[in-house]
Each structure stands twice: as C-alpha cells, then as structure tokens.
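Residue strings, one per chain:
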Amino acid sequence: MSISNELRDARLRYECPSCHQPIIRNGSWFKAVSTFQCDACKTTLRLGYSAKLSLFERHAKAAFSGT
C-alpha cells in the first residue's frame, strides 16, 4: 500500500509521543520527512513508513467522513 498524494496540501496533525504537543504540517512535509525534532520538547522523532501510512489513513477517513 502506498501513501496517497491526495492529502499532500492538507494540514495533518501528528502528536508528539513524548509531550503530546500537536505538530501540524502539510501532508507533503510528513511524506518527505523521516526524522524531525519536536519544537516543544526538542525530542528527536522518527516517523517510519507504517506510521506515515497510519497518519494519512486517519486523516483521509476524517476528510471523507466530514469530521
């Protein structure tokens, strides 16, 4: 399964697992990045393919269900 390009311009929300601060970026940013730093707690986070796929699927369901 591949990550959809439909959400590349959508604002996606990912929550830092360390401090629970929301990280909101365009889908294209999440698709391209593999490691990044939380602005709030400075923890280095790794976003692997399965986590990206889950993130995009969750947002796609919300977008198409109207919530």
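Residues numbered from 1 in each chain as written. Predicted model: local features only at pLDDT ≥ 70, side-chain atom pairs only at ≥ 80, totals over all residues. Heavy atoms only, no water.

As for the pairing of strand β2 (residues 22-26)
Phase 1 of the analysis: The pairing of strand β1 (residues 11-15) with β2 spans 5 bridges and is classified as antiparallel. Looking across to β2, one finds that E15 is bridged to P22.
Phase 2 of the analysis: What sits between the antiparallel neighbours β1 and β2 is a turn of 6 residues, in which H20 has the positive phi angle 65°. (Pairing = 2+ DSSP bridges. Helix = DSSP H or I, 4+ residues; strand = E, 2+ residues; numbered from the N terminus.)

Re the pattern of salt bridges
Phase 1 of the analysis: Applying the stated rule across the entire model yields 2 salt bridges.
Phase 2 of the analysis: The partner of E15 in a salt bridge is R13, and the shortest N-O contact between them spans 3.8 Å.
Phase 3 of the analysis: What makes E15 partly exposed here is its relative accessible area of 36%.
Phase 4 of the analysis: The residue R25 makes a salt bridge to D39 at a minimum N-O spacing of 3.3 Å. Pair noted here: R25 is in strand β2 and D39 is in the loop between β3 (35-37) and β4 (44-46), with a separation of 14 residues, a long-range link. (Salt bridge = Lys/Arg side-chain N within 4 Å of Asp/Glu carboxyl O. Buried < 20%, exposed > 50% of the residue type's maximum accessible area, 1.4 Å probe, protein only.)

Some words on unusual backbone geometry
Phase 1 of the analysis: Even without glycine at this site, H20 takes up a positive phi of about 65°.
Phase 2 of the analysis: Following the sequence through the fold, H20 ends up in the loop between β1 and β2.
Phase 3 of the analysis: Residue classification places H20 among the partly exposed residues on the basis of a relative accessible area of 48%.
Phase 4 of the analysis: Positive phi values are uncommon outside glycine, yet K42 reaches one of about 65°.
Phase 5 of the analysis: Examined against the element boundaries, K42 turns out to sit in the loop between β3 and β4.

Digging into the packing of aromatic side chains
Phase 1 of the analysis: Considering all chains together, one arrives at 4 aromatic pairs under this definition.
Phase 2 of the analysis: Geometrically, the ring pair formed by W29 and F30 is edge-to-face, given 5.1 Å between the ring centres and 85° between the ring planes.
Phase 3 of the analysis: What makes W29 partly exposed here is its relative accessible area of 29%.
Phase 4 of the analysis: Residue classification places F30 among the buried residues on the basis of a relative accessible area of 0%.
Phase 5 of the analysis: A centroid spacing of 5.1 Å and a plane angle of 70° characterise the contact between W29 and F36, whose relative ring orientation is edge-to-face. (Phe/Tyr/Trp six-rings, centres within 6.5 Å; stacked < 30°, edge-to-face > 60°.)

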